[in-house]
Amino acid sequence: AQKVTQAQTEISVVEKEDVTLDCVYETRDTTYYLFWYKQPPSGELVFLIRRNSFDEQNEISGRYSWNFQKSTSSFNFTITASQVVDSAVYFCALSEPPRDTDKLIFGTGTRLQVFP
Amino acid sequence: DGGITQSPKYLFRKEGQNVTLSCEQNLNHDAMYWYRQDPGQGLRLIYYSQIVNDFQKGDIAEGYSVSREKKESFPLTVTSAQKNPTAFYLCASSPITGSNYGYTFGSGTRLTVV
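Remember, it's a predicted structure, so these values are computed and weren't measured experimentally. (Residues numbered from 1 in each chain as written. Chains lettered and ligands numbered in written order. Predicted model: local features only at pLDDT ≥ 70, side-chain atom pairs only at ≥ 80, totals over all residues. Heavy atoms only, no water.)

J.: Please clarify how unusual backbone geometry should be interpreted in this entry.
T.: Trans is the prevailing form of peptide bonds, just as negative phi is the prevailing case for residues other than glycine. The omega angle of the peptide bond from Ser-7 of chain B to Pro-8 of chain B is -5°, so this bond is cis rather than trans. If you trace the backbone, Pro-8 of chain B turns up in the loop between β1 (4-7) and β2 (10-13). Its identity as a non-glycine residue notwithstanding, Lys-16 of chain A has a phi of 85°, on the positive side. Within the secondary structure layout, Lys-16 of chain A lies in the loop between β2 (10-14) and β3 (19-21). The phi angle at Asn-53 of chain B is positive, at roughly 70°, despite the residue not being glycine. Take Asn-53 of chain B: it is sitting in the loop between β5 (43-51) and β6 (54-57). A relative accessible area of 63% means that Asn-53 of chain B is categorised as exposed. (Helix = DSSP H or I, 4+ residues; strand = E, 2+ residues; numbered from the N terminus. Buried < 20%, exposed > 50% of the residue type's maximum accessible area, 1.4 Å probe, protein only.)

Pasting the structure below:
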């Protein structure tokens, strides 16, 4: 069965701390895609990253980095030197087979609160 | 700029009324989706459509109806049969390529029953 688990419901940190949001997935596909979205208080989900299952290289974009490990079926998201503007709900998502539908399965989200 | 427009941003409904939430996209995406989000919870799929004049039920379709008469438009009607309609509703769209480029989301409609 396809499933995305975000075990951390809510995380609170103080500004400048590093924080890692966990994402564990299950899939029967050999080729699949993983995503992270950010939902700020305004409500709209904003795309952060898309990762192909064949590309296990870690990715860094400014203060954001992603660690993809197929061996543990995890796609964790780290924010370095967190800022108040990072406060949001973060969703991890997985492509749902059959892939020709382009549907996604979402985790339940992790609420990150960054305090000044 | 291309994107998804949801309207209205806030909507109030009286008990027993049907209301329709609008979702329009100019991205030329084939697929469109409606999600419901309750406070502190994740996204639950209501309906989705991958082609004009066709749509499928999601996980929580009861009390909702949709139509897809045009590629650009996917309105959601919350009927009086929906027992607890107060929630945040998100519309999304995606191209269908087999390479899963992910969804583009609208800014949402917050529905409150009064």
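J.: What's the story with the state of the cysteines in this structure? I'm lost.
T.: In a disulfide, the sulfur atoms of two cysteines are covalently bonded to one another. This model, assessed by the stated rule, comprises two disulfides over all chains. Through a disulfide, Cys-23 of chain A is tied to Cys-92 of chain A; the S-S separation comes to 1.9 Å. Measuring the twist about the S-S bond at about -65°, one finds the Cys-23 of chain A-Cys-92 of chain A disulfide to be left-handed. With Cys-23 of chain A in the loop between β3 and β4 (24-26) and Cys-92 of chain A in strand β10 (residues 88-95), this residue pair connects regions lying 69 residues apart in the sequence. Each member of the pair, Cys-23 of chain A as well as Cys-92 of chain A, is classed as buried. A disulfide bridge connects Cys-23 of chain B with Cys-91 of chain B, and the sulfur atoms are separated by 1.9 Å. Between Cys-23 of chain B and Cys-91 of chain B the disulfide shows an S-S torsion of about -75°. By sign, it is left-handed. Taken together, the residues span a long stretch of sequence, with Cys-23 of chain B in strand β3 (residues 19-25) and Cys-91 of chain B in strand β9 (residues 87-94) at a distance of 68 residues. The two residues Cys-23 of chain B and Cys-91 of chain B agree in class, both being buried. (Disulfide = S-S within 2.5 Å.)

J.: Sorry, what's going on with the interface of chain A and chain B here?
T.: A common way to state how big an interface is: give the accessible area lost once the parts meet. On the side of chain B, 25 residues touch chain A, which itself brings 19 residues to the contact. Where chain A abuts chain B, roughly 1,800 Å² becomes buried across the two surfaces, and 50% of that area is made up of carbon and sulfur atoms. A per-residue breakdown of the area chain A buries against chain B is headed by Asp-102, Lys-103 and Phe-106 of chain A, which together make up 31% of the total. Here the side of chain A that touches chain B gets four residues from one element, more than from any other, and that element is strand β5 (residues 33-39) of chain A. A per-class count over the side of chain A that touches chain B returns seven nonpolar, six polar and six charged. (Contact = heavy atoms within 4.5 Å. Buried area = accessible area lost by both parts, 1.4 Å probe. Nonpolar A, V, L, I, M, F, W, Y, C, P; charged D, E, K, R; others polar.)

J.: What exactly am I supposed to notice about the nonpolar core here?
T.: Residues and elements named next belong to chain A. In terms of nonpolar packing, the biggest core is built from 24 residues, with Trp-36, Phe-77, Tyr-90 and Leu-112 touching the most fellow members. Where this core is concerned, the elements lending two or more residues are β2, β3, β5, β8 (64-69), β9 (74-79), β10 and β12 (110-115). The element that contributes the greatest number of residues to this core is β10, accounting for four residues. (Core = buried A, V, L, I, M, F, W, Y, C linked by side-chain atoms within 4.5 Å.)

J.: Looking at this structure, I do not really get the sheet that holds strand β7 (residues 64-66) of chain B. What am I missing?
T.: All names here are of chain B. Across the sheet, which stays open at both edges, the four strands sit in the order β1-β3-β8-β7 with antiparallel pairing between neighbours. Here the strands that pair on one side only, and so sit at the sheet edges, are β1 and β7. Going across the sheet, the axis of each strand differs from the next one's by a mean of 20°, ignoring polarity. In this sheet, strand β8 (residues 76-78) lies alongside β7 in antiparallel orientation, the contact comprising three bridges. Bridge assignment links Val-66 to a residue of β8, and that residue is Leu-76. (Pairing = 2+ DSSP bridges. Axes fitted to C-alpha atoms, helices over the stretch in contact; angles between N-to-C directions.)

J.: Would you explain the pairing of β2 of chain A in this entry?
T.: Two faces make up the sheet, and in a regular strand the side chains alternate between them. All names here are of chain A. Only one face of β2 is covered, namely the one carrying Ile-11 and Val-13; the face carrying Glu-10, Ser-12 and Val-14 has none of its residues buried. As defined by bridge partners, β2 adjoins β12 across five bridges and the pair is classed as parallel. Residue Val-14 lies in a different strand from β12, and its bridge partner there is Phe-115.

J.: Looking at this structure, I do not really get the pairing of β3 of chain B. What am I missing?
T.: Residues and elements named next belong to chain B. Side chains Val-19, Leu-21, Cys-23 and Gln-25 of β3 all project onto a buried face; the interleaved residues Thr-20, Ser-22 and Glu-24 project onto a face where none is buried. Alignment of β1 against β3, held across four bridges, turns out to be antiparallel. The partner of Ile-4 across the bridge, within β3, is Gln-25. With three bridges joining them, β3 and β8 adopt antiparallel strand pairing. When the bridges of β8 are listed, Val-19 appears paired with Val-78.

Any functional reading would require information beyond the geometric quantities listed.
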